[in-house]
Amino acid sequence: GAVVSQHPSRVICKSGTSVKIECRSLDFQATTMFWYRQFPKKSLMLMATSNEGSKATYEQGVEKDKFLINHASLTLSTLTVTSAHPEDSSFYICSARSRGGSVDTQYFGPGTRLTVL
Amino acid sequence: SQQGEEDPQALSIQEGENATMNCSYKTSINNLQWYRQNSGRGLVHLILIRSNEREKHSGRLRVTLDTSKKSSSLLITASRAADTASYFCATDSNSGYALNFGKGTSLLVTP
């Protein structure tokens, strides 16, 4: 099946630094990628929808200047958490929908655990 | 916003028993999917059921969908310790193809 990777899998950073998380579709072209956030023992919350070559669409309550999303190619989307603070600590998961694929099918990455000290 | 609501929130059973988890949602959907997540890991897609389907099987999994009640159930038969995980239902959103996830059911299967 289709594979989506995320890098890094874990990151620990100091408060005030910026962290970039990559989401790659390894064997297919992803026209749309989604970024989710998950707090411990909670569900996934959609943060933004990223379409290749256009600006991301953010969900209500998600600061676009705080969470910068770039979908520069059909296989790569990046999420940058700018000036991270402890409350940004979370599990970030991306998913990708393939070009020409079923609209029902999304492939999820393994997630990135962010800890801000 | 979260659309799906699973119950129970937590379920503890013994190996060999069946586990049933339920999910309710609020708006109309095109399809409903069930995912599994081991602690601290990514999501594994289990099964998708379309709005015009009522029941679907995949191995030890059985999913039902009642669009009139806006609810779905996931049945895992003959559970195994390896089935221990969190299970989420997810529905497609009206704004695009993103998924709305429920709060999840934490399943513990003891040997």
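A quick note: this is a predicted structure, and the numbers were derived from the prediction, not measured. (Residues numbered from 1 in each chain as written. Chains lettered and ligands numbered in written order. Predicted model: local features only at pLDDT ≥ 70, side-chain atom pairs only at ≥ 80, totals over all residues. Heavy atoms only, no water.)

1. Some details on the sheet that holds strand 7 (residues 61–66) of chain B
Note on sheets: strands pair through backbone hydrogen bonds, and any given pair is parallel or antiparallel.
Residue and element names in this part refer to chain B.
Phase 1: The five strands are arranged 1-3-8-7-6 in an open sheet whose pairing can be described as antiparallel. Lying at the two open borders of the sheet, with one neighbouring strand each, are strand 1 (5–7) and strand 6 (55–58). Recorded for the sheet is a direction-independent mean angle of 15° between the axes of neighbouring strands.
Phase 2: Pairing of strand 1 with strand 3 (residues 19–24), which is carried by three bridges, proceeds in the antiparallel orientation. (Pairing = 2+ DSSP bridges. Helix = DSSP H or I, 4+ residues; strand = E, 2+ residues; numbered from the N terminus. Axes fitted to C-alpha atoms, helices over the stretch in contact; angles between N-to-C directions.)

2. Some points on the packing of aromatic side chains
Phase 1: Evaluated as defined, the whole model comprises eight aromatic pairs over all chains.
Phase 2: Taking the centre distance of 5.8 Å and the plane angle of 40° together, the rings of Y36(A) and F108(A) count as tilted. Remark: F108(A) occurs in strand 10 (residues 107–108) and Y36(A) occurs in strand 4 (residues 30–38); sequence separation between them is 72 residues. Summarising the burial analysis for this pair, Y36(A) and F108(A) share the class buried.
Phase 3: With centroids separated by 6.3 Å and ring planes inclined at 45°, the aromatic side chains of F67(A) and Y92(A) adopt a geometry described as tilted. Within this pair, whereas F67(A) is found in strand 7 (residues 67–73), its partner Y92(A) is found in strand 9 (residues 90–98), the two being separated by 25 residues in sequence.
Phase 4: For F67(A), a relative accessible area of 6% puts it in the buried group.
Phase 5: By relative accessible area, which is 0% here, Y92(A) ends up buried.
Phase 6: Grouping aromatic residues by their ring pairs yields a cluster made of Y36(A), F108(A), Y35(B), F88(B) and F101(B). (Phe/Tyr/Trp six-rings, centres within 6.5 Å; stacked < 30°, edge-to-face > 60°. Buried < 20%, exposed > 50% of the residue type's maximum accessible area, 1.4 Å probe, protein only.)

3. Focus on the interface of chain B and chain A
How big an interface is tends to be stated in terms of the accessible area lost upon association of its parts.
Phase 1: On the chain A side, the residues contacting the 18 residues of chain B number 19 residues.
Phase 2: Across the chain B to chain A interface the summed buried area is about 1500 Å²; carbon plus sulfur atoms make up 55%.
Phase 3: Between chain B and chain A we count zero salt bridges in total.
Phase 4: Considering every element that reaches the side of chain B that touches chain A, the biggest residue donor is strand 4 (residues 31–37) of chain B, with four residues.
Phase 5: Its residues assigned to classes, the side of chain B that touches chain A shows eight nonpolar, seven polar and three charged. (Contact = heavy atoms within 4.5 Å. Buried area = accessible area lost by both parts, 1.4 Å probe. Salt bridge = Lys/Arg side-chain N within 4 Å of Asp/Glu carboxyl O. Nonpolar A, V, L, I, M, F, W, Y, C, P; charged D, E, K, R; others polar.)

4. Re the layout of surface pockets
All names here are of chain B.
Phase 1: Computed from the structure, the largest pocket encloses a volume of approximately 620 Å³.
Phase 2: Of all elements in the fold, only strand 9 (85–92) and strand 11 (105–110) reach the threshold of two or more residues within the lining of the largest pocket.
Phase 3: It is strand 9 that contributes the most residues to the lining of the largest pocket, three residues altogether.
Phase 4: Partitioning the lining of the largest pocket into residue classes produces six nonpolar, 13 polar and five charged. (1 Å grid on protein atoms, 1.4 Å probe; cavity = no way out; pocket = protein on both sides within 12 Å on 5 of 7 lines; lining within 4 Å. Points joined across faces, edges and corners; volume = space filled by probe spheres on them.)

5. Description of the confidence of the model for chain A
Phase 1: Within chain A, residue pLDDT values average 90, and 94% of them lie at 70 or more.
Phase 2: Per-residue pLDDT, averaged within each element of chain A, yields its smallest value for strand 10 of chain A (89) and its largest for strand 11 (residues 112–116) of chain A (97). (pLDDT = per-residue confidence, 0-100.)

6. A look at the side chain of T105(B)
Residues and elements named next belong to chain B.
Phase 1: Relative to the elements of secondary structure, T105 occurs in strand 11.
Phase 2: Within the structure, the side chain of T105 is placed 2.5 Å from the backbone oxygen of P8, a separation counted as a polar contact.
Phase 3: T105 has contacts with E6, D7, P8, Q9, L11, M21, A85, S86 and Y87, leaving out every residue within four places of it along the chain. (Polar contact = N/O pair within 3.5 Å; in protein donor to acceptor, adjacent residues only side chain to side chain.)

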